[in-house]
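Below, each chain spelled out in residue letters.
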Amino acid sequence: MTTTAPTTAALALGDDALVLSHRLGEWAGHAPVLEEEVALANIALDLLGQARVLLSTAGDEDELAYLREERAFRNLQLVEQPNGDFAHTIARQLYFSTYQHLLYAELAAGEGPFAGLAAKAVKEVAYHRDHAEQWTLRLGDGTEVGHKKMQRACTALWRFTGEMFQPVDGLDVDLAGMETAWLDSVRAVLHRATLTVPEGPRTGAWTAGAGRQGVHTEPFGRMLAEMQHLHRSHPGASW
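Residues numbered from 1 in each chain as written. Predicted model: local features only at pLDDT ≥ 70, side-chain atom pairs only at ≥ 80, totals over all residues. Heavy atoms only, no water.

1. Observations concerning the overall build of the protein chain
As a reminder of what qualifies: Secondary structure counts use DSSP, requiring at least four H or I residues in a row for a helix and at least two E residues in a row for a strand, with both numbered from the N terminus. It is over C-alpha atoms that the radius of gyration is taken, and the globule rule equals 2.2 Å times the number of residues to the power 0.38. Three labels apply to residues, based on accessible area from a 1.4 Å probe with only protein chains included: buried if under 20% of the type maximum, exposed if over 50%, partly exposed otherwise in between. Any two residues whose heavy atoms approach within 4.5 Å at even a single point are treated as in contact. Reported accessibility uses the Shrake-Rupley method at a 1.4 Å probe radius. Residues are deemed covered only where the shown protein chains occlude them. Counting rule for charge: Lys and Arg are taken as positive, Asp and Glu as negative, and neither His nor the chain ends is counted. By convention, charge coordinates are those of NZ in Lys, CZ in Arg, CG in Asp, or CD in Glu.
Per the secondary structure count, the protein chain includes eight helices and zero strands. Shown N-terminal to C-terminal, the secondary structure of the protein chain runs as helices and strands in the order α-α-α-α-α-α-α-α. Relative to the 2.2 N^0.38 estimate, which gives 18 Å for 239 residues, the radius of gyration of the protein chain is 17 Å and therefore close to what a compact globule would have. Expressed along its principal axes, the backbone C-alpha trace of the protein chain runs to roughly 50 × 40 × 35 Å. Each of the 239 residues in the protein chain was classed as buried or not, and the buried ones make up 51%. Of the contacts formed within the protein chain by residues at least 6 apart in sequence, a portion of 81% connects residues at least 24 apart. Per element, the accessible surface of the protein chain, about 11,200 Å² overall, is 54% carbon and sulfur. Charge separation in the protein chain, taken as the distance between the mean sites of 20 positive and 31 negative side-chain charges, equals 4 Å.

Have a look at this one:
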């Protein structure tokens, strides 16, 4: 695979979508209510569709998904974090879908190599973002237990959010402007949900851009082994 700036960007965005799709797919059969079973599955399928388009522009999508080693993946550390409880999943989705919606809206308005994909995907991601925002409000401004769980989740994942705005070769967007818009939006949602905006750093010495460099957190290795097991066990198999 020849590495060019657009290829680097396609891998980064494709890996984000692929990994989060798998994480959301882990809720199948375990969602708190039937409606969420369908909603999370639909979001996962949307992300998988995005991943297929992006990875296919960088090479063979199956090989990239199932045959790369952990250090070759370029996804954000945020999307690889375990589902945890439902509040944890919603906090992760709120942070990422807000970023992805802003990113795709800007890409769709341009003339770069991702404009076509972004123009279609931005409509899907708008739903993902709204879904996460509505659940953040319901949990944060609901019962005492829901409030505590949502606050704990938002605080735990806050340190992974700075990486979203690290430069990526081939991704020509206004990252500083996007970060400001992201912070304004997320803070507004958390305030409406009666939640406290986390005060800790949004990056650390080991998290700033680390996922984009192929450095991942411990849960990712276990997730990747599960995701790749069938393909590696039966190479070349077809249905």
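Here the narrative resumes.
2. Here we look at the nonpolar core
Condition: We define a nonpolar core as any set of buried Ala, Val, Leu, Ile, Met, Phe, Trp, Tyr and Cys residues linked to one another through side-chain atoms lying within 4.5 Å.
Y95, Y99, L103, Y104, L107, L171 and W182 are the most contacted members of the largest nonpolar core, which totals 72 residues. Going through the elements one at a time, α1 (5–25), α2 (34–58), α3 (61–66), α4 (86–109), α5 (115–140), α6 (144–157), α7 (175–192) and α8 (218–233) are the ones with two or more residues in this core. Take this core: its biggest share by element is twelve residues, from α4.

3. Considering unusual backbone geometry
In this structure, T194 takes a positive phi of about 60° despite not being glycine. Relative to the helices and strands, T194 resides in the loop between α7 and α8. By relative accessible area, which is 40% here, T194 ends up partly exposed.

4. What to know about the packing of α5 against α6
Two packed helices can be described by the angle between their axes and the distance between those axes. The following threshold applies: In this analysis an axis means a line fitted to C-alpha atoms, helices contributing only their contacting stretch, and an angle means the value between N-to-C directions, from 0 to 180 degrees. Angular relationships are summarised with four words: roughly parallel below 35 degrees, roughly antiparallel beyond 145, roughly perpendicular across 65 to 115, and oblique for the angles in between. Throughout, the ten residues Ala, Val, Leu, Ile, Met, Phe, Trp, Tyr, Cys and Pro are labelled nonpolar, Asp, Glu, Lys and Arg are labelled charged, and all others, Gly among them, are labelled polar.
Axis separation between α5 and α6 bottoms out at 7 Å; the angle between their running directions is 125°. Overall, the two elements α5 and α6 adopt an arrangement that is oblique. Taking contact as the criterion, the partners of T136, L139 and G140 in α5 are, on α6, G146, H147 and M150. Looking at the contact of α5 with α6, its residues break down into two nonpolar, four polar and no charged.

5. Quick notes on the side chain of Q81
Here is the rule: Throughout this description, a polar contact denotes any pair of N or O atoms lying within 3.5 Å of each other; where both atoms belong to protein, one of them has to be capable of donating a hydrogen while the other can accept it, and for residues adjacent in sequence the pair is counted only when both atoms sit in side chains.
Counting through the fold element by element, Q81 comes out in the loop between α3 and α4. A polar side-chain atom of Q81 sits 3.1 Å from a polar atom in the side chain of T217. When sequence neighbours within four positions are dropped, the list of residues in contact with Q81 reads R23, R92, L157, F160 and T217.

6. Examining the layout of surface pockets
For clarity, the cut-off: A cavity here means a set of 1 Å grid points, computed over protein atoms only, where a 1.4 Å probe fits but cannot escape. A pocket is an open set with protein on both sides within 12 Å along at least 5 of 7 lines, and lining residues have an atom within 4 Å of a point. Grid points are joined across faces, edges and corners, and a volume is the space filled by probe spheres set on the points.
In this structure, the largest pocket occupies an estimated 580 Å³ of space. Lining the largest pocket are 22 residues, and of these D62, Y66, M227, L230 and H231 sit closest to its centre. Those elements that provide at least two residues to the lining of the largest pocket are α1, α2, α3 and α8. Here the element with the most residues in the lining of the largest pocket is α2; it accounts for six residues. In terms of residue class, the lining of the largest pocket is made up of twelve nonpolar, seven polar and three charged.

7. Concerning the pattern of salt bridges
Operational definition: Basic side-chain nitrogens of Lys or Arg form a salt bridge, by our definition, when they fall within 4 Å of a carboxyl oxygen of Asp or Glu.
For the structure shown, the criterion picks out ten salt bridges. Measuring nitrogen to oxygen at the nearest pair gives 3.6 Å for the salt bridge that ties E69 to R232. Separated by 163 residues along the polypeptide, E69 in the loop between α3 and α4 and R232 in helix α8 bring together distant segments of the chain. Taking relative accessible area as the criterion, E69 reaches 53% and is therefore assigned exposed. Residue classification places R232 among the partly exposed positions, given a relative accessible area of 37%. The partner of R152 in a salt bridge is D85, with the nearest N and O atoms 4.0 Å apart.

8. Some words on the environment of A41
One can find A41 in helix α2. Owing to a relative accessible area of 36%, A41 belongs among the partly exposed residues under this scheme. Measuring from C-alpha to C-alpha, the distance between A41 and A31 comes to 9.8 Å, with ten residues separating the pair along the chain.

9. Describing the side chain of Q93
Structurally, Q93 is set in helix α4. Take Q93: its relative accessible area is 3%, and that puts it in the buried class. For Q93, the contacting residues outside a window of four places in its chain are L20, L24, I43, T98, H128 and A132.

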